[in-house]
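Architecture at a glance
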Amino acid sequence: MKSHLPLLFCISASLIANYSFARVGELRQDIEERLHSKLGGAYQYVSKEDRIREAMELPYKNLIMIMPRNIWHSFYYKRPDSTTSSNSDTVQQYDIYGWEVHYIYRDDKSVWEFYRRQGDPMTMEELVELMTLMANSRNAKWVETSDVNVVNSWKYNYKDSALQRVKKLDGKISERDALMEMLPHLDNRFIYVEIPEEVRLANNYGQTITNYLEEDAQRIAYDEYRKYIANQSATSAAKTARSNAKNAKQAPKRVNPFDGSTTRQMESLIFAPQEKDAQVNFVRYQMPNVFFGGVVPKNRTKDVVLTMPIPIQKETCIGFDYELSDGSMRAKLYKNGVLFCDTQFDKFMRTEMERLYKKQSEKRRRDAADSVSKF
C-alpha cells in the first residue's frame with residue numbers, strides 16, 4: 001500500500017499558508033488572531049522605524065494622508081512557506097524574502113489589503129490563490145474591467161474627401177465651464193494632499209502613519225528648498241561677477257526660448273463610410289498638439305506640497321483591474337503585488353478626492369483672475 005503522507009503534508013502546508021492571509025471585510029480582531037497564531041503565523045512590524053519604512057514603500061502613500069480618522073494601519077511580514085515568521089527574517093531588508101502585507105482597517109474592519117512579494121517574483125499560481133481566497137469569502141467571481149484610460153482624444157468626421165473636426169457641445173453650462181470643455185486640455189487631474197482636520201487635531205496624531213509621512217515630506221521639502229535657494233544664489237553671483245572666461249561659462253542664459261510648436265503630423269488610412277465600394281485614402285494631416293492642465297506647478301517654498309493623481313477611471317481612488325461579480329470588492333495589479341479594496345471604501349475616498357479637487361479648482365480660478373487682472 002502506497003503512503004499518502006507526502007501528499008497530505010503538501011495539502012496541509014498549502015492550507016496553512018492560505019489560512020494566514022486575511023480577507024477584506026473581516027474584523028481586525030479575527031485577522032490578528034489568525035496572523036499571530038503560532039502555527040504558520042506572520043511577524044508584525046510594530047516599531048516606529050519599521051512602520052515608517054513600510055509606509056514609505058507603498059505606491060499609494062500620499063493617499064493615506066487624506067484618509068479619515070477612523071483608520072488603522074497594520075504591516076506584516078510572512079515567510080513564503082507555512083513556517084512561523086520572526087523578526088530575524090526582516091533584519092536584512094535589502095535581502096528580504098517572502099510576503100509583506102499592508103492592512104487598512106476602518107472602524108476595525110478590513111477595507112484595504114496590499115500583498116507584495118519580496119525576493120522572488122509573484123507567480124501566477126500565487127496570484128490566482130490570493131484572488132480565489134478573496135472571491136470565495138464573498139461567494140462571487142472576479143470580472144475584468146473594460147475601462148481604458150484615455151487621456152485625451154480628438155474626434156473627426158470624414159466627409160466629401162475631407163476631415164472635419166467634431167465640435168464639442170457646451171450644453172447648459174456657464175461660459176467659463178464651456179471654455180474649459182472647448183479648449184484643448186488633458187483629462188489628467190491632480191489634487192494637493194490635505195490632511196483632514198479631524199486627523200491632525202487627534203490626541204494621538206504624533207503616533208500616526210500620517211504624521212510620520214508628513215514629517216518625512218517636510219524634511220524633503222526643506223532639502224529641496226535649500227537646493228533652490230543655493231541655485232538662486234549661484235545664479236545671482238554669476239550675474240554680478242566679472243565677465244572673465246571662467247565666469248562667462250557659468251553665467252545663466254539671458255534668453256528663454258519659447259516652444260512655438262502647435263501641431264504634430266499624423267498619417268492614417270481613411271475609409272469613406274457607408275459606401276458600397278468605399279474608397280480608401282491615405283491621408284497625412286496635422287493633429288493639434290497643445291494641451292493645458294494636468295501638470296503640477298513647481299514648489300518654490302519650504303512648505304510641504306504633495307500631489308496625487310485622480311484616476312481617469314470613474315468612482316475609484318486608486319483604479320482597479322478586476323471587480324467581484326457582486327460589486328463588493330476590487331483588485332488592482334502591480335508588479336509583484338496585488339491590492340484588494342472594499343468597493344464602498346474605494347468610492348468614499350474618490351468622493352473625498354473630488355471634494356478636494358473642486359475646492360482647489362475654485363482657488364485656481366481666483367488665482368487666475370488675480371494673475372491676469374492688470375492685462
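In this text, all values refer to a predicted model and were calculated from it rather than measured experimentally.

Quick look at the overall build of the protein
A tally of helices and strands in the protein yields ten helices and 14 strands. Residue burial in the protein is summarised as follows: out of 375 residues, 35% are buried. Of the contacts made within the protein by residues no fewer than 6 positions apart, 66% connect residues no fewer than 24 positions apart.

Digging into the pattern of salt bridges
Taken as a whole and judged by the stated rule, the model has 24 salt bridges. When the shortest N-O distance is used, the salt bridge between aspartate 50 and arginine 53 registers 2.8 Å. Of this pair, aspartate 50 and arginine 53 both sit in helix H3 (residues 48–56), separated by three residues, roughly a single helical turn. For the salt bridge of glutamate 100 with arginine 116, the shortest nitrogen-to-oxygen distance reads 3.0 Å. On the criterion of sequence distance, the pair formed by glutamate 100 in strand S3 (residues 98–106) and arginine 116 in strand S4 (residues 109–118) is long-range, its members being 16 residues apart.

Quick notes on the packing of aromatic side chains
Note on aromatic pairs: each is described by the distance of the centres and the angle between the planes. A full pass over the atoms with the stated rule returns twelve aromatic pairs. Grouped by ring-pair contacts, the aromatic residues Tyr60, Trp112, Phe114, Tyr334, Phe345 and Phe348 constitute a single cluster. Against the face of phenylalanine 348 rests arginine 106, its NZ or CZ located 4.1 Å from the ring centre. Cation over ring: lysine 332 sits above tyrosine 334, and NZ or CZ is 5.6 Å from the ring centre.

Overview of helix H10 (residues 343–371)
Over its 29 residues, H10 runs 41 Å from end to end, which matches the ideal 42 Å to within 8%, given 1.5 Å per residue. Residues Thr343, Phe345, Asp346, Met349, Arg350, Met353, Leu356, Tyr357, Gln360 and Ser361 constitute the buried set of H10. For H10, the capping residue at the N-terminal end is aspartate 342, with a side-chain oxygen 3.1 Å from the backbone nitrogen of glutamine 344.

A few points about the nonpolar core
As a rule of thumb, soluble globular proteins bury nonpolar side chains together. Core analysis: the largest hydrophobic core is formed by 37 residues, its most contacted members being Tyr60, Leu63, Ile66, Trp112, Ile191 and Met353. Those elements that place two or more of their residues in this core are strand S1 (43–45), helix H4 (61–64), strand S2 (71–78), S4, helix H8 (209–240), strand S11 (307–310), strand S14 (337–342) and H10. Once residues within four sequence positions are removed from consideration, isoleucine 191 is found in contact with Ile66, Leu306, Thr307, Met308, Ile310, Met353, Leu356, Tyr357 and Gln360. Judged by nonpolar contacts, the second largest core, of 26 residues, contains Val24, Tyr76, Leu324 and Met329.

Calculation criteria
Residues numbered from 1 in each chain as written. Predicted model: local features only at pLDDT ≥ 70, side-chain atom pairs only at ≥ 80, totals over all residues. Heavy atoms only, no water. Helix = DSSP H or I, 4+ residues; strand = E, 2+ residues; numbered from the N terminus. Buried < 20%, exposed > 50% of the residue type's maximum accessible area, 1.4 Å probe, protein only. Contact = heavy atoms within 4.5 Å. Salt bridge = Lys/Arg side-chain N within 4 Å of Asp/Glu carboxyl O. Phe/Tyr/Trp six-rings, centres within 6.5 Å; stacked < 30°, edge-to-face > 60°. Lys NZ or Arg CZ within 6 Å of the ring centre and 35° of its normal. Expected span 1.5 Å × (residues − 1). Polar contact = N/O pair within 3.5 Å; in protein donor to acceptor, adjacent residues only side chain to side chain. Core = buried A, V, L, I, M, F, W, Y, C linked by side-chain atoms within 4.5 Å.

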